[in-house]
Amino acid sequence: MNTLETIHSRRSIRAFTPEPIPEDLLRQVLQAGVASASGGNVQPWGFVLVRSPVRLAALRSLAPGIIGLPTAVIAICLDSPRASRLGGAGGEDLAWLDIGLATQNLLLAAHSLGLGACPIGSFHLQGVVTFLGLPPGVQPVLLLALGFPAVTPLPPGRRALSDVCFEGEWGRPYE
């Protein structure tokens, strides 16, 4: 699958098969996150992989947004002390963009490897911090549910390009 096909065909997957994800696929997904663009090369992210069935069940109790039974979850974390130390003034604000870029890389890599994934923002923040043993200043931003898709949903509707892209000034549609 080429890059544009990957971008246009990726869907959020919430139903997974029980098949475990092979180590080489997990490593490739995580490496894609590490390879993501980063302002000033600060790389303010950290990833915590959870794949033990017992730990996944416990994590699901802290995250009502995890629908279905993923066989792995990646906690995408923001290392605020690193962002502040290496990013200078505004480093922590820019770090949120880097987290978004890393998340997109993880999602696209998972899809290109035949995995399903869904970013989850509904979780008990302090409970997940404690559960993952995160150090002070490191916080989970998203949980990424991963597994082999049991179903692939239809594409959602998208706004027309002329509704969101303008030529020269806002309101003059790009055609």
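For the structure itself, consult the block above.
Residues numbered from 1 in each chain as written. Predicted model: local features only at pLDDT ≥ 70, side-chain atom pairs only at ≥ 80, totals over all residues. Heavy atoms only, no water.

## Comments concerning unusual backbone geometry
Trans peptide bonds make up most of the peptide bonds, and negative phi angles are found at most residues other than glycine. Of note in this structure, Asn41 is not a glycine but carries a positive phi near 55 degrees. Among the structural elements, Asn41 can be located in the loop between α2 (23-34) and β1 (45-50). One non-glycine residue with positive phi stands out, namely Gln43, at about 50 degrees. Overall, Gln43 belongs to the partly exposed group, its relative accessible area being 27%. (Helix = DSSP H or I, 4+ residues; strand = E, 2+ residues; numbered from the N terminus. Buried < 20%, exposed > 50% of the residue type's maximum accessible area, 1.4 Å probe, protein only.)

## Looking at the sheet that holds strand β3 (residues 116-120)
Reading across from one edge, β1-β2-β4-β3 is the order of the four strands in this open sheet, with antiparallel pairing throughout. Edge positions in the sheet fall to β1 and β3, since each has one partner strand and no second. Within the sheet, the average angular offset between the axes of one strand and its neighbour, ignoring direction, is 25 degrees. Bridge count for strand β2 (residues 72-79) against strand β4 (residues 138-147) is eight bridges, and the pairing is antiparallel. Paired with Asp79 across the two strands is Val138, which belongs to β4. Set on the sheet, α2 makes contact with β1, β2 and β4; between it and β1 the angle comes to about 165 degrees. (Pairing = 2+ DSSP bridges. Axes fitted to C-alpha atoms, helices over the stretch in contact; angles between N-to-C directions. Contact = heavy atoms within 4.5 Å.)

Interpretation note: all reported values are geometric properties and have no functional meaning in isolation.
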